[in-house]
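# Examination of the molecular architecture
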Protein chains: 4
Amino acid sequence: MSHNSFGHLFKFTTWGESHGPAIGCVVDGCPPGIELSENDIQPFMDARKPGTSRFVTQRKEPDQVKILSGVFEGKTTGTPISLLIENKDQRSKDYSEIKNRYRPGHADYTYDAKYGIRDYRGGGRSSARETANRVAAGAIARKILGNDVVIRGAVTQIGTSIIDGDHWDWDQVSQNPFWCPDAKAAKAWENYLDEVRKSGNSIGAIVEVQAEGVPAGWGAPVYGKLDSEIANGLMSINAAKGVEIGAGFASAGYTGVENADEMRIKDGTPTFLSNNSGGILGGISNGDTIVARMAIKPTSSILTEVRSINSKGEEIDVRTKGRHDPCVGIRAVPVAEAMLACVLADHKLRHRGQTGN
Amino acid sequence: MSHNSFGHLFKFTTWGESHGPAIGCVVDGCPPGIELSENDIQPFMDARKPGTSRFVTQRKEPDQVKILSGVFEGKTTGTPISLLIENKDQRSKDYSEIKNRYRPGHADYTYDAKYGIRDYRGGGRSSARETANRVAAGAIARKILGNDVVIRGAVTQIGTSIIDGDHWDWDQVSQNPFWCPDAKAAKAWENYLDEVRKSGNSIGAIVEVQAEGVPAGWGAPVYGKLDSEIANGLMSINAAKGVEIGAGFASAGYTGVENADEMRIKDGTPTFLSNNSGGILGGISNGDTIVARMAIKPTSSILTEVRSINSKGEEIDVRTKGRHDPCVGIRAVPVAEAMLACVLADHKLRHRGQTGN
Amino acid sequence: MSHNSFGHLFKFTTWGESHGPAIGCVVDGCPPGIELSENDIQPFMDARKPGTSRFVTQRKEPDQVKILSGVFEGKTTGTPISLLIENKDQRSKDYSEIKNRYRPGHADYTYDAKYGIRDYRGGGRSSARETANRVAAGAIARKILGNDVVIRGAVTQIGTSIIDGDHWDWDQVSQNPFWCPDAKAAKAWENYLDEVRKSGNSIGAIVEVQAEGVPAGWGAPVYGKLDSEIANGLMSINAAKGVEIGAGFASAGYTGVENADEMRIKDGTPTFLSNNSGGILGGISNGDTIVARMAIKPTSSILTEVRSINSKGEEIDVRTKGRHDPCVGIRAVPVAEAMLACVLADHKLRHRGQTGN
Amino acid sequence: MSHNSFGHLFKFTTWGESHGPAIGCVVDGCPPGIELSENDIQPFMDARKPGTSRFVTQRKEPDQVKILSGVFEGKTTGTPISLLIENKDQRSKDYSEIKNRYRPGHADYTYDAKYGIRDYRGGGRSSARETANRVAAGAIARKILGNDVVIRGAVTQIGTSIIDGDHWDWDQVSQNPFWCPDAKAAKAWENYLDEVRKSGNSIGAIVEVQAEGVPAGWGAPVYGKLDSEIANGLMSINAAKGVEIGAGFASAGYTGVENADEMRIKDGTPTFLSNNSGGILGGISNGDTIVARMAIKPTSSILTEVRSINSKGEEIDVRTKGRHDPCVGIRAVPVAEAMLACVLADHKLRHRGQTGN
């Protein structure tokens, strides 16, 4: 058991605080002989890193990842891969005034309740900066999965503005700063988020991730279910408040007839005529696209004053200065993709271990 | 790692198939010296057991739990508690005709894809019968938590019919066969479910579980988060397709100002003025009521014919005879309560282990 | 984490006390499609069971194992295999007088120190009766390993009487009640043990287990080492006080030149000219026979009076009536074989999971 | 599961190869609020580091440990502690010629058999350099245990030269380069080891570690036994071939009467009159000094030529140039102490988690 590890056969352990010298993770269980260099990881780091548009935090972090072990002459050796990312732009002074103040929606109060001590600089261990490690681990997970498994994510809702699913175009996702698959919605979000940002407020979002090409048979029937571990992985991302698979919460309103994903044989292959299941039945992949969605609450750091208390138990008002994402949901996309990749890589190995396939 | 265990310091491992001689679980890590007998567990078993109304499956199972180890002279000894529940009303013949047929929405196809073999009788290991074990383990978890922590659940939506939150009355939950906290909605659901049932169809539902009295400080900051483990636990329940904490998916539509749970001091105690967080901040309990909701898809076993394939790869039509719940969401309530209890008991011990509190 | 489980991908969890209604274990992670019935397990149970000669305890237990789950139509399904062994010959009254007395060498005092409560009947959870579960799990592990891996054990020393290694003959092991591979030593042990037994005393022993046919490459380099997990497994057996691999403690007296297992190619295959390594280098199998030895202390239950205290902190004298093994080392052989089989089966699956081989 | 982690509630994960840029470990589960700085760790690193006398390898490594996370304002925060140790004196060229040659006694052959690839420079992941991480983790474990628990180690045998137990003096251990508690033996070992070294040979050793002040009650009854986890920890140290607890292998020759650790009340406290048990009964500490011993084989890297094969399957002769310990047992002492400390710290937290004590 570790409170800072994720996965089983493919497992990573992360460490580091927002304003320490560095953060990093140790990836254990990677198969040997896989070609791997920093160049395989960096593009995913860049996709998550801050400061890329006015819609995300202006903290400047190159997020350059270094491989310290586990790779020899360009290939994984099967031993632990240690990844290090230095913190460059900490500005600890921004945070000194919140040392004894509990910011609503943040983990300040709960860390103190649990540990009696916390590294208050930039949220310390609870900072979303930790997620850079997940993205790095996810890049390795993708190498394990190979090119047949394609994992992608998108923002499908910001605040009350929802994309039109009929306009979904994966090519659009990289064409706008919101990971939005609907060109029209992306356009509307510019003004919407500018307003939110200028008013010293923030806004929630919904992120969808998909994995195509996962063969039928990965997962496990009861407590290592593919869907329960995806839920675990996505819900462990900062600010996540909900996770759903396939039709998700909508399925509560369906009848059994509506919900049934009927099957036919198409070109000799079992095929589902719909995908309410999100590609998972009884905790095991069915060969269809795996679809998961997560709800991300609005950034808790806002310039608007809200009522709170301090560590002495006095009532105070708090507004959070500093550099923050007006919508943390945007930068959650590569993180959610990474967690999905990690769950799948782990299950690929677990399935192979038990069954030999 | 185990695909059939749940939890860490407080951990249970389940076994058994729907139509084998028995099912059971081994509960490990229970503190010593706790008074425990079958009488502490049985009421929860009775609440989940089938055949209690016309709205649930008519299979007749007494679900009598036996303690085989770990309790001596009425008290837990700290050693593993083995629990056994015999299967009494299997009627295997009902299932023989689906031996080679893949029922849409069921795990038939995926079990075959994974293992190349399955116990097809009544769903085998993937049967909701497995959840009786969870309820038994949950009863022990409640003993560990003590009387200060109160865990309760309710059905808040069946199909498209949603309760009126203003009418929420916990006392109503035991007054109707739906675990419905809204007397008026419960009345409406009778006709609604009768129609669904008579038309050979089924319907989805939403279940909400709450834990009051959890002290601030349980949980862990990154991968052992209280919310991610609750998500894991609830999503591992049969037919679950979504989990949310506090405001959940609704928080995607909120601004930071709307979402902030402001704090004041009330009677000397830190108090939250709202509970969008669902009692969890940064993965750690904040002392407020823990609130989680799960979406349950409609029962996949329906009398209406749907298109499918068989294990030979031939296209067929399938209708599932036998005894089934028209709305499995109803019987999911005690199971969801149990999973919440188990996560909390585990975290109580884990927190105590690390911090001494 | 579980204090009552062993293994990772192939994992078993045991439960039960010496004088409860039954003991049992849950075997998780077994590959699907393996032919398995009680008949595959029972011979190993019979080899361990008490009452087979005058040199072991006279408790009469049929140790009939029942498979309650995980096997369907004669084959494993990949789901948990629950095994149950009923306790038939408990005679609890024999133990009532030790309820508050701490027997030297037993876990009575330490259980009370840890838990504040213990099932004192027959040693409760600390009884060697628990090892029946290991033997059952080991029988399944053997099926996973297949016929190419041959696991056998023998007693090489009882008290101060050591076998002559040059007389080692595996066929002798089943020809005497001591698992002794040296016919001459076996003859001598009859009188030796009779004397020990009649004098109300007991005696220690050394057990050796070997696994032939293990391919090179199983194990892991640092903390999942094949040898450290074998050490863990053997040392967890009741009364074990030492474990060694290959040359073991003797290697402390060797020089590097003496200890080197030189290699040559024989019939095209890498071959070791000696086996001081015991078949393991750097935690990984090298293809040679795996050899482990364990020291078993003399049975702590003796008829001779020894000084002790009771639970009130009063000084007392204790002699342990009841039925006991004069040399528990004898019945440890099938248990040690089983633990070796379980470690190897686990590592076979773990190796396959990570490397695909 | 991780092949590169050790422990459960107190857990560390190591990474790094002998000739990579650095090695390190992540220590998870440390209680919050413990004063900790590099100064608490460095003395133990210095005790293990190479180059301190002519009897150990002449590689020059400062082994300066850096804390990268988990400590804030001089105290642990309860979050993961990342420790980094840079490699300074790699000299990779020394090893180029063994790239394709399998050194007897080393893990060269088995790594290739397992992974099909290995970092051959200095043994890569299988280098004893990895043990620096264990010592660092052990220093933190000692802080968790507090001053009441005293952990110390000594070399009791080198080759065929055994110390006189009656001359045991802990103060001597730091007075000679051998960790020898017997001044006279230490004197003799100088010449003995010089001869071994000059002849291009190496020699084995026995290391003993003790923990005083461990309260009765730590450990677990069946598979998390204190002794089996100590065995696991010690056997995972490079070159370990055997582990024993208390009387260990000698107990095989004892009768029950000889082996019984009788008890009396002394100054109101339960006291054992002997310590054949090594402070552990039924897997649980009994309050007496915990005593474990390990056998360390002679260094496999020797200047004398031995027969072997290369990766092409050709027969070759190998002599290992480079800088090596003539007796690796010497530098194993602080490593063995560290592993004992880690097992105990883990069990302190696990015991507290389950029982609250």
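This text goes with the structure placed above it.
Residues numbered from 1 in each chain as written. Chains lettered and ligands numbered in written order. Predicted model: local features only at pLDDT ≥ 70, side-chain atom pairs only at ≥ 80, totals over all residues. Heavy atoms only, no water.

### A closer look at the sheet that holds strand E3 (residues 22-28) of chain C
Residue and element names in this part refer to chain C. Pairing is antiparallel in the open sheet, where 5 strands are placed in the order E1-E2-E3-E7-E4. In the strand order of this sheet, the two ends are held by strand E1 (5-7) and strand E4 (65-67), each with one partner. Across the sheet, the axes of successive neighbouring strands diverge by a mean angle of 20 degrees, strand direction being ignored. With 6 bridges joining them, strand E2 (residues 11-16) and E3 adopt antiparallel strand pairing. Considered in E3, the bridge of Trp15 is made with Gly24. (Pairing = 2+ DSSP bridges. Helix = DSSP H or I, 4+ residues; strand = E, 2+ residues; numbered from the N terminus. Axes fitted to C-alpha atoms, helices over the stretch in contact; angles between N-to-C directions.)

### What to know about the sheet that holds strand E3 (residues 22-28) of chain A
Residues and elements named next belong to chain A. Read across the open sheet, the 5 strands follow the order E1-E2-E3-E7-E4; overall the sheet is antiparallel. In this open sheet, the two strands that pair with only one neighbour each are strand E1 (5-7) and strand E4 (65-67). Taken pair by pair, the neighbouring strands of this sheet meet at an average axis angle of 20 degrees, ignoring direction. Pairing analysis gives 3 bridges linking E1 to strand E2 (residues 11-16), with the strands arranged antiparallel. Following the sheet pairing, Phe6 is matched in E2 by Phe12. Running over the sheet, helix H3 (residues 131-145) touches E2, E3, E4 and strand E7 (81-86) and is turned about 30 degrees from E3. (Contact = heavy atoms within 4.5 Å.)

### Side note on the environment of Ile85 of chain B
Residue and element names in this part refer to chain B. Tracing the chain through its elements places Ile85 in strand E7 (residues 81-86). A relative accessible area of 0% places Ile85 in the buried class. Sequence separation of Ile85 and Pro21 is 64 residues, and the distance between their C-alpha atoms is 9.0 Å. (Buried < 20%, exposed > 50% of the residue type's maximum accessible area, 1.4 Å probe, protein only.)

### Observations concerning the packing of aromatic side chains
In this structure the tally under the stated criterion is 42 aromatic pairs over all chains. Ring centres 4.7 Å apart and planes at 50 degrees place the aromatic pair Phe55 of chain D and Phe178 of chain D in the tilted group. Of this pair, Phe55 of chain D sits in the loop between helix H1 (38-48) and strand E4 (65-67) while Phe178 of chain D is found in the loop between strand E9 (161-162) and helix H4 (183-198), placing the two residues 123 residues apart along the sequence. Residues Phe55 of chain D and Phe178 of chain D agree in their burial class; the two are buried. Among the aromatic side chains, those forming a connected cluster through ring pairs are Phe6 and Phe12 of chain A together with Tyr223 of chain B. Its end group placed over the ring of Tyr115 of chain A, Lys114 of chain A keeps NZ or CZ at 5.8 Å from the ring centre. (Phe/Tyr/Trp six-rings, centres within 6.5 Å; stacked < 30°, edge-to-face > 60°. Lys NZ or Arg CZ within 6 Å of the ring centre and 35° of its normal.)

### A word on the interface of chain B and chain C
Contacts between the two partners involve 38 residues from chain B and, on the opposite side, 40 residues from chain C. A buried area of about 3200 Å², summed over both sides, lies between chain B and chain C, and 64% of it is on carbon and sulfur atoms. Of all residues in chain B, Met1, Trp15 and Phe72 of chain B bury the most surface against chain C, accounting for 19% of the area lost on that side. For the pair chain B and chain C, the number of links is 0 salt bridges. Run the count over chain B and chain C and you get 10 residue pairs in polar contact (both at pLDDT 80 or more). For the side of chain B that touches chain C, the elements supplying multiple residues, two or more each, are strand E2 (11-16), strand E3 (22-28), strand E6 (75-76) and E7 of chain B. With 5 residues, the single largest contributor to the side of chain B that touches chain C is E2 of chain B. Of the residues belonging to the side of chain B that touches chain C, the class tally is 14 nonpolar, 15 polar and 9 charged. (Buried area = accessible area lost by both parts, 1.4 Å probe. Salt bridge = Lys/Arg side-chain N within 4 Å of Asp/Glu carboxyl O. Polar contact = N/O pair within 3.5 Å; in protein donor to acceptor, adjacent residues only side chain to side chain. Nonpolar A, V, L, I, M, F, W, Y, C, P; charged D, E, K, R; others polar.)

### Focus on the relation of the copies chain B and chain C
Under the fitted operation, chain B is carried onto chain C by 0.0 Å of movement along the axis and a turn of 180 degrees, and the coordinates agree to an RMSD of 0.0 Å. Within this description, the copies of the chain are treated as partners about a two-fold rotation axis. The share of interface residues of chain B whose copies in chain C are also at the interface is 100%, consistent with both copies meeting through the same surface. (Least-squares fit on C-alpha atoms with pLDDT ≥ 70 in both.)

### Looking at the interface of chain B and chain A
At the junction of the two partners, chain B supplies 105 residues and chain A supplies 105 residues. When chain B packs against chain A, close to 8400 Å² is buried across both sides, 61% of that on carbon and sulfur atoms. The three residues of chain B that bury the most area against chain A are Lys114, Tyr223 and Lys241 of chain B, which together make up 11% of that side's buried surface. Applying the counting criterion to the chain B and chain A interface returns 4 salt bridges. Connecting chain B to chain A are 52 residue pairs in polar contact (both at pLDDT 80 or more). In terms of residue class, the side of chain B that touches chain A is built from 47 nonpolar, 40 polar and 18 charged.

### Concerning the pattern of salt bridges
Pairs may arise between side chains of opposite charge once their charged atoms sit close together. The tally for this structure, following the rule as stated, stands at 91 salt bridges over all chains. Between Arg54 of chain A and Glu190 of chain A there is a salt bridge whose closest N-O contact spans 4.0 Å. Taken together, the residues span a long stretch of sequence, with Arg54 of chain A in the loop between helix H1 (38-48) and E4 and Glu190 of chain A in helix H4 (residues 183-198) at a distance of 136 residues. Given the relative accessible area of 39%, Arg54 of chain A is considered partly exposed. A salt bridge links Asp40 of chain D to Lys143 of chain D; the nearest nitrogen and oxygen atoms lie 3.3 Å apart. In this pair, Asp40 of chain D is assigned in helix H1 and Lys143 of chain D in helix H3 (residues 131-145), connecting sequence segments 103 residues apart. Judged by its relative accessible area of 30%, Lys143 of chain D falls in the partly exposed class.

### Digging into unusual backbone geometry
Backbone geometry places Ala239 of chain A, a non-glycine residue, at a positive phi of 75 degrees. As for its position among the elements, Ala239 of chain A is in the loop between helix H5 (226-235) and strand E11 (240-245).

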